[in-house]
Amino acid sequence: MNDADIVALLVTLKLALVSTVVLLILGTPLAWWLARTQWRFKFILETLVALPLVLPPTVLGFYLLVALSPTGPVGTLTNAIGLGSLAFSFSGLVVGSVIYSMPFVVQPLQDAFRNIGTRPLEVAATLRASPLDRFYSVVLPLAKPGFITAAVLGFAHTLGEFGVVLMIGGNIPGETQVVSIAIYDHVEMLEYTRAHWLAGGLLMLSFVMLALVYRLRGFRVSS
Amino acid sequence: MKNILLLLALFVAPHVLGDELNVAIASNFSSVSPHLGELFFETTGHRAVFSYGSTGKLYAQIVNGAPFHVFLSADVARPKLLEQSQVAISDSRFTYAIGQMVLWSPTIEFDSPEILSSDINHLAIANEKLAPYGHAAKQFLSRAGLWDSLQGKIVRGENVAQALLFVDSGAANIGLVSLSQVQFRQGNVYAVPSDEHSPIAQQAVLLIDTTAARAFLALLRSEAGRQVIQKYGYLVP
Amino acid sequence: MTIISARFVSERGTFHLDVDFELPEQGISAVFGPSGCGKTSLLRAIAGLDQSTGHLRIGEEIWQDENHFLPTHERALGYVFQEPSLFNHLTVDKNLTYGQSRIPASSRKVSFDDVVELLGIGPLLGRSPATLSGGEQQRVAIARALMTSPRLLLMDEPLASLDYDRKLEILPYIDALHRDLEMPVLYVSHDRDEVARLADHLLLMEDGHIVAAGAIGDMLTRVDLPLVQGGEAEAIIDARVSGHDDEFQLTFLDSPAGSFTVTGRGVEVGADVRLRIQAKDVSLTLAHQSDTSILNIFSATIDDIVPEGDAQMTVRLLVGEAPILARITRKSADNLGLSPGMKIFAQMKSVALLA
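Since the model is a prediction, treat every value here as computed from it, not as a measurement. (Residues numbered from 1 in each chain as written. Chains lettered and ligands numbered in written order. Predicted model: local features only at pLDDT ≥ 70, side-chain atom pairs only at ≥ 80, totals over all residues.)

A few words on the overall build of chain C. Counting its regular elements, chain C contains eight helices and 20 strands. Computed over C-alpha atoms, the radius of gyration of chain C comes to 22 Å, within 12% of the 20 Å expected from 2.2 N^0.38 for 355 residues, which places it in the range of a compact globule. For the C-alpha atoms alone, the extent of chain C along its principal axes is close to 65 × 50 × 35 Å. For chain C, the share of sequence-separated contacts (at least 6 apart) that also reach a separation of at least 24 residues comes to 65%. (Helix = DSSP H or I, 4+ residues; strand = E, 2+ residues; numbered from the N terminus. Rg over C-alpha atoms; globule rule 2.2 N^0.38 Å. Contact = placed C-beta atoms within 7 Å.)

Spelled out as structure tokens, the structure:
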């Protein structure tokens, strides 16, 4: 592994971290709403959240490329507010990763919230806890395992992201060149040893993360 | 019963009449290949089935046993390696086309490479480490003294097709791509002189020796074949 | 004496709640009725857990009217749910202090130690809810509700999820509650026994409506209400222990109906207790009988007589100032020529002392 590879690894870790944090911030209220609402069209939103599970990442990446470019809907917006184009930028990758890993964060959270049920919240209300207070003092602690799962899955999933980055990344070292792209390029250039090192490293990291999730969940015998 | 036999015969006939041929083709040749395929069928009765990909990916697949009869690469290096490792049939390697690189933008008006020093958002090229067009792009830009200064704006596609996609979608407003990709499109073209970079020679090799395979390679060298290749933006040796 | 005044109209699916009532701001008011009659809906409407249009005033505070709706967490109430519903992620003492820590220090009238002692949960404090029995959990739940120093305690069938022994175990605690804490309690139940033991005031509900309301002694003996029908017809009388007979192991009690004698002497003099007299244990005689084994004989006036099935009658009597029920056969009523206004003697074969 040389410098370029280490840079790729750092970019990857940074992308996974930032995306996971963004997803937890955006996904928590979304998951909470989905878990509680009775709106009869909520299935539409649930489908949208779940789409990245089934869509080929390249499809996602392709549409993102079109949308983020200066003539696309998102691109026009970002240009208008002075942000320039998100294509070929780390921020663009974050946008792509957030969409790509959304179901992996939102669904565990939604399940955790739903499993809490309404009773603990009603109890807390009768004990003088305001809605926000109830969320922090009752929902969050009870949903902690769900948060851990969501964070780890979101992180691990983004680590392995390829198709989306391939489409909108532009392979810029230090900015958008992530490990999965680097491995691909090494293979293309017949640098199989370096590919092995990087791929093996990513595999180990993913294994450890997932083992963590399953180990933590194993401690919970009852909900 | 007679009807079923007739139906079967209709399905089988083309295969019985001519062979099927698996051809691995570098993606940049995708504009030419269908026409070559038609020509091939008309003149020989054989059917060519094209599998596209980046040269590197196809090479890796071939080396690992992919059952292609013929490999049309976008470079010289890979066919050479195949020949050396005796995966390819010896003495079958030749140059079938020479790529023409162009600077292209569907939106910006320009008539010289000086446009690159001015306000472009991104310059799309094929990855110079992986793709011959990328390699040529780097050579050209280095000769023009622009390689270093453009580093912040260069975005790399995995191959010249993805470089084109970046420009096409508007994410990059200019790119170094192949003439064959843009010759029929709306936009501004600057043909990069061939002496600004080493020639983008595209070579072919024979992998599995069959009549149909040899016929295909022969077609590429034939007058009719060369005309098709030139028509779609390539030079011929 | 300020009162609780409430009026609600709400619809939940096909169920329609339409009530308008007032309650004394002291003592235990029981909400009684068959399953599905709306008791829990009423409680939830008072708590603000379910949206409903209406009007709710507790003393001088308006919790709900046409213009505004005070959300649950701003209402000074305590709510005990049917299942204990303790916070599993907190220990018992953290459960208890959850509510208390959310009211300003100046409003904390109920002390932690008092409540712990009242409900007998001292030894449970450091434990996690999952390790407690159903009865223990429910006691903690009641204590937790009290810790917010509520103006009103709402209890939704708090004993329903417990077995008989656990119920008996907790009843005294609930009784102690309303004696020692001076806060009104609204207690929902479909269990006559619980209601008879605990209630001072009764709201009878049916099908989303309040059919009748009043003091317990009165309500149980009203012949126009379904409560007097069936084998459980009874009267409740509040009494005070006045003395004992050590030789014969008896306890004497004073009450609005007169002086009672019951067996046993477990309760000390001066204690306030409740007496339960079942209608089937009361027989009537025209003349006073002294050669009888029955100790509790009173003169009474017949207030009303209603049929009970084909063969029986329920007679409402006024004994002193208290109403008592007697269940006799129609034949006897005929033979004795009973009619309202008649003076008569009531013999009570069995009087139960509810401590």
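Attention shifts here to the nonpolar core. In this structure, B:V70, B:F71, B:F216 and C:I324 are the most contacted members of the largest nonpolar core, which totals 223 residues. Among residues more than four places away in sequence, those in contact with B:F71 are B:A24, B:L58, B:I62, B:P79, B:L82, B:A204, B:V205 and B:L207. (Core = buried A, V, L, I, M, F, W, Y, C linked by C-beta atoms within 7 Å. Buried ≥ 20, exposed ≤ 12 C-beta atoms within 10 Å, placed from the backbone.)

Each partner contributes to the interface: chain C provides 16 residues, whereas chain A provides 13 residues. Breaking the side of chain C that touches chain A down by element, the ones donating at least two residues are β6 (77-80) and α2 (92-100) of chain C. For the side of chain C that touches chain A, the leading source of residues is β6(C), giving three residues. Here the residues of the side of chain C that touches chain A sort into eight nonpolar, seven polar and one charged. (Nonpolar A, V, L, I, M, F, W, Y, C, P; charged D, E, K, R; others polar.)

With that out of the way, let us pick up the domain arrangement of chain C. Residue and element names in this part refer to chain C. When the domains of chain C are assigned, the result is domain 1 (3-220) and domain 2 (234-354). For the side of domain 1 that touches domain 2, the element with the most residues is helix α7 (residues 216-220), which contributes four residues. Looking at the side of domain 1 that touches domain 2 residue by residue, the class counts come to three nonpolar, one polar and two charged. (Domains from an automatic or database assignment.)

Turning next to the sheet that holds strand β5 (residues 61-64) of chain C. The strands making up a sheet are joined through hydrogen bonds of the backbone, oriented either antiparallel or parallel. Residues and elements named next belong to chain C. Judged by pairing direction, the sheet is antiparallel, and its four strands sit side by side in the order β2-β1-β4-β5 without closing on themselves. Two strands bound the open sheet, and with one partner strand each, they are β2 (15-24) and β5. When the angles between neighbouring strand axes are averaged without regard to direction, this sheet yields 15°. Pairing analysis gives three bridges linking strand β4 (residues 53-58) to β5, with the strands arranged antiparallel. (Pairing = 2+ DSSP bridges. Axes fitted to C-alpha atoms, helices over the stretch in contact; angles between N-to-C directions.)

Turning to helix α2 (residues 42-54) of chain A, a few remarks are in order. An α-helical turn contains 3.6 residues, so any two residues separated by three or four positions project in the same direction. Relative to the 18 Å expected for 13 residues at 1.5 Å per residue, α2(A) spans 19 Å between its end C-alpha atoms, a close match to the ideal helical length. Taking the largest bend as the criterion, α2(A) deviates by roughly 30°, centred on A:L48, and proline A:P52 comes between one and four positions later. (Expected span 1.5 Å × (residues − 1). Bend = angle between axes of the 7 residues up to and from the residue.)

Moving on: the sheet that holds strand β7 (residues 152-156) of chain C. All names here are of chain C. The strand order across the open sheet built from six strands is β6-β7-β8-β3-β9-β10, with neighbouring strands paired in mixed fashion. A strand with exactly one partner marks an edge of an open sheet, and here the two such strands are β6 and β10 (209-215). Looking at each pair of strands side by side, their axes are set apart by 15° on average, direction ignored. Across six bridges, strand β9 (residues 201-206) lies against β10 in antiparallel orientation. Within β10, the position partnered with M205 by the bridge is I210.

The next point concerns the arrangement of the chains. For the two pairs of chains in contact, the largest share of contacts goes to chains A and B. Across the gap from chain B to chain C, with no contact made, the nearest C-alpha atoms are 51 Å apart.

The next subject is the domain arrangement of chain B. Many authors give the size of an interface as the accessible area that is lost as the parts come together. Residues and elements named next belong to chain B. When cut into domains, chain B gives domain 1 (2-98 + 199-231) and domain 2 (101-191). Distance between the C-alpha centres of domain 1 and domain 2: 29 Å. Class assignment of the residues belonging to the side of domain 1 that touches domain 2 gives a composition of three nonpolar, six polar and one charged.

Moving on, we get to the pairing of strand β1 (residues 3-12) of chain C. All names here are of chain C. Sheet topology note: the β1/β2 ladder contains ten bridges and is antiparallel. Within β2, the position partnered with S5 by the bridge is E22. Note that β1 and β4 share six bridges and pair antiparallel. Residue pairing across strands places S5 opposite R57, the latter belonging to β4.

All right, on to the pairing of strand β18 (residues 322-329) of chain C then. All names here are of chain C. Burial analysis of β18 places seven of its eight residues in the buried class, the great majority of the element. Examined bridge by bridge, strand β17 (residues 312-319) and β18 share eight bridges and lie antiparallel to one another. Bridged to L318 within β18 is P323.

Another point: unusual backbone geometry. Even without being glycine, A:N171 reaches a positive phi, approximately 55°. Under the C-beta neighbour-count criterion, A:N171 is labelled buried, with 24 such atoms within 10 Å. One non-glycine residue, C:D207, lies in positive phi territory at about 55°.

A few words on the interface of chain A and chain B. Each partner contributes residues to the interface: chain A has 17 residues there, and chain B has 16 residues. Counting only elements with at least two residues in the side of chain A that touches chain B, the list comes to α3 (57-68) and α10 (179-188) of chain A. Within the side of chain A that touches chain B, the residues separate by chemical class into ten nonpolar, five polar and two charged.

What follows concerns the packing of helix α2 (residues 33-44) of chain B against helix α8 (residues 211-221) of chain B. Residue and element names in this part refer to chain B. At their nearest, the axes of α2 and α8 sit 11 Å apart, and the two run at 115° to each other. By crossing handedness, the relation of α2 to α8 is classed as right-handed. Here L36, L39, F40 and T44 of α2 come into contact with α8, specifically with A215, F216 and L219. (Left-handed = near helix turned anticlockwise from the far one by under 90°.)

On to the confidence of the model for chain C, then. Scored by pLDDT, chain C has a mean of 88; 99% of the residues are at 70 or more. Confidence metrics for the complex model read pTM 0.78 and ipTM 0.84. (pLDDT = per-residue confidence, 0-100.)

This part is about the environment of A:G170. All names here are of chain A. Position of G170 relative to the elements: it lies in the loop between α9 (163-168) and α10. Taking the number of C-beta atoms within 10 Å as the measure of exposure, G170 has 29 and is therefore buried. When the C-alpha atoms of G170 and G82 are compared, they prove to be 21 Å apart, with 88 residues separating the residues in sequence.

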